[in-house]
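# Tertiary structure, described
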Amino acid sequence: MRRLAGGLALAALGGCASWQDAPRLAYQCPHELRFEARLYQDMALLEGLRGHAVLERVPGAEGDALHYADPTVRARFGLGLDARLVRLDYTGIPEPVYCQHLPGADAPAAAVRASPRLGPRPPPPRPDPDAPVQTNIRQGDGRNGPG
């Protein structure tokens, strides 16, 4: 009975963790291009047909728009009258690309907001087992015998 209760508790916690995750926001761009974004307080995760990108939040951005960037693209979410547009500025493309948020069938057309939690970070890398280890043990530099 305790195992069943423990399993149900773990399942409930897992459900809460996924419930608190940022919602996937679908965007439609010119030329039938689409991508999905998950917005967090410190990062934005973008997923499209050509891969994914992790953009860090730009601190001190002006206005109500959410600003995220990496070395190749700058994204400004929450633009327009309904705050449903995003402006993408790519380093290799001279003109900005504007995309519109497509609300789901079950979600009303609401303004785009960041999730109140921090984004998922990968765990730190494991230490290299073959890396040299520094110690304070000395070998062969003096007398090792008694006396």
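For the structure given in this document, a descriptive report is provided here. (Residues numbered from 1 in each chain as written. Predicted model: local features only at pLDDT ≥ 70, side-chain atom pairs only at ≥ 80, totals over all residues. Heavy atoms only, no water.)

### Description of the packing of aromatic side chains
Ring pairs (aromatic) are described by centroid distance and by the angle formed between their planes. Formally: Two rings from Phe, Tyr or Trp (for Trp, the six-membered ring) form a pair when their centres are within 6.5 Å of each other. A pair whose planes differ by under 30 degrees is stacked, one over 60 is edge-to-face, and the rest are tilted. Using a 1.4 Å probe on the protein chains alone, a residue whose accessible area is under 20% of its type maximum counts as buried, one over 50% counts as exposed, and one in between counts as partly exposed.
Counting across every chain of the model gives three aromatic pairs. Taken together, a centroid distance of 5.1 Å and an interplanar angle of 10 degrees make the contact between Tyr-27 and Phe-35 stacked. Each member of the pair Tyr-27 and Phe-35 is classed as buried. Ring geometry for Tyr-68 versus Phe-77: centroids 6.0 Å apart, planes at 75 degrees, classification edge-to-face. A relative accessible area of 0% places Tyr-68 in the buried class. Each member of the aromatic cluster is reached from another via a ring pair, and the members are Tyr-27, Phe-35, Tyr-68 and Phe-77.

### Looking at the pattern of salt bridges
Just so we agree on the cut-off: Put simply, a salt bridge is a Lys or Arg side-chain nitrogen that is within 4 Å of an Asp or Glu carboxyl oxygen.
In the structure shown here, the tally under the stated rule is six salt bridges. Note that Glu-47 is salt-bridged to Arg-38, the shortest N-O span being 3.6 Å. Judged by relative accessible area, which is 32%, Glu-47 ranks as partly exposed. With a shortest N-O distance of 3.1 Å, Arg-87 and Asp-89 are connected by a salt bridge.

### Considerations on the sheet that holds strand E1 (residues 25-29)
Our working definition: Note on pairing: DSSP must find at least two bridges between two strands before they are called paired. Strands are runs of DSSP state E lasting at least 2 residues, helices are runs of H or I lasting at least 4, and numbering of each runs from the N terminus. Only the stretch in contact is used when a helix axis is fitted, and all axes are lines through C-alpha atoms; the angle between N-to-C directions ranges over 0 to 180 degrees.
Spatial strand order, E1-E2-E3-E4-E5-E6-E7-E8: eight strands in a closed barrel with antiparallel pairing. Shown here is a sheet whose adjacent strand axes are inclined to one another by a mean of 30 degrees, direction ignored. Summarising the sheet, strand E3 (residues 43-48) and strand E4 (residues 51-57) pair through six bridges and their orientation is antiparallel. Within the sheet, the bridge partner assigned to Leu-46 lies in E4 and is Ala-53.

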